[in-house]
Amino acid sequence: MAEDWMSRDAQFSARFWAAVSGQPVVLSYAQALVNAAQGAGQLDSVLEQFDSLINDVFAQFPKLEQILYSALVSAEEKKGILDRVFKGASLPIFLNFLKVLVQHGRMELVREIWQKTRELADKLHGRVRVELRTATAPELEWIERFVGIIRPMVGGEPIVELRVDPELIGGFVVRLDDKLLDASVARQLSRIRQQLLSRSIHAIQSRRDRFSYPAGN
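What counts, and where the lines are drawn
Residues numbered from 1 in each chain as written. Predicted model: local features only at pLDDT ≥ 70, side-chain atom pairs only at ≥ 80, totals over all residues. Heavy atoms only, no water. Helix = DSSP H or I, 4+ residues; strand = E, 2+ residues; numbered from the N terminus. Buried < 20%, exposed > 50% of the residue type's maximum accessible area, 1.4 Å probe, protein only. Contact = heavy atoms within 4.5 Å. Areas by Shrake-Rupley, 256 points an atom, 1.4 Å probe, with all protein chains shown as cover. Phe/Tyr/Trp six-rings, centres within 6.5 Å; stacked < 30°, edge-to-face > 60°. Salt bridge = Lys/Arg side-chain N within 4 Å of Asp/Glu carboxyl O.

Looking at this model, I keep getting lost on the overall build of the chain. Mind explaining?
A count of helical and extended segments in the chain gives nine helices and four strands. When the helices and strands of the chain are read in sequence order from the N terminus, they spell out α-α-α-α-α-α-α-β-α-β-β-β-α. Looking at the 217 residues of the chain, the share that counts as buried comes to 33%. Restricting the contact set of the chain to residue pairs at least 6 apart, pairs at least 24 apart contribute 65%. Accessible surface for the chain amounts to roughly 13,900 Å². Of this, 55% is attributable to carbon and sulfur atoms.

Have a look at this one:
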């Protein structure tokens with residue numbers, strides 16, 4: 001039974017490595033994982049486990065992450081640790097994916113691969129992630145209205161990632177990919193401050209000019 005499992009691991013690793021060789025590293029690993037999970041009909045479940053690895057496991061057990069990154073720990077030792085921690089609790093596809101990263105010394109890229117995997121999966125599902133920063137936590141009804149307003153603008157189903165940032169003072173800031181919509185009170189106050197500063201400088205210059213005399217007088 002153990003030999004069958006090891007054989008399946010080896011076959012998966014070989015197929016996975018063939019899929020990522022010769023391509024940009026982060027994108028290729030993410031794309032290979034999405035393809036494998038989608039082919040098995042387990043994409044959403046794999047994404048949930050990937051999210052849990054980053055947000056739950058690594059957050060609670062940072063030493064585990066350090067060990068998996070460490071050059072002082074062999075690939076075989078790391079794979080043994082992965083088996084002890086995740087075997088039986090993780091989908092074989094995801095566990096084998098982690099072993100491939102370990103085997104080829106790519107575990108330090110796991111967070112970047114996680115982000116790229118989410119992006120690829122969102123694209124497949126027609127989802128668009130929108131970062132919303134507000135000064136205080138908005139009510140659910142407000143967020144629903146916000147989603148209804150931006151849905152036609154983003155070309156997909158908005159997935160709002162809320163960040164509460166008291167430094168905004170009020171208002172909100174929306175980020176979509178590399179586009180930024182700033183509607184914060186802090187930004188407005190900054191503009192007002194700059195306007196007042198410009199007026200003050202202009203007034204000072206005007207007074208100075210009134211007291212200036214031609215040279216030689």
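Explain the packing of aromatic side chains here, please?
Each aromatic ring pair is specified by the distance between its two centres and by the angle formed by the two planes. Scanning the entire structure with this criterion turns up six aromatic pairs. Arranged with centres 6.4 Å apart and planes meeting at 75°, the rings of Phe146 and Phe172 form a pair that is edge-to-face. Highlighted residues: Phe146 in helix H8 (residues 140-154) and Phe172 in strand S3 (residues 172-176), separated in sequence by 26 residues. Taking relative accessible area as the criterion, Phe172 reaches 23% and is therefore assigned partly exposed. Pairwise contacts between aromatic rings join Phe50, Phe94 and Phe97 into one cluster.

Just to check I follow, could you spell out the pattern of salt bridges for this structure?
The full count for this structure, using the stated rule, is 12 salt bridges. Across the salt bridge formed by Lys79 and Glu76, the nearest N and O atoms sit 3.1 Å from each other. Of this pair, Lys79 and Glu76 both sit in helix H5 (residues 75-86), three residues apart, which is roughly one turn of that helix. Each of Arg118, Asp122, Arg127, Arg129 and Glu161 takes part in a single network of salt bridges with overlapping partners.

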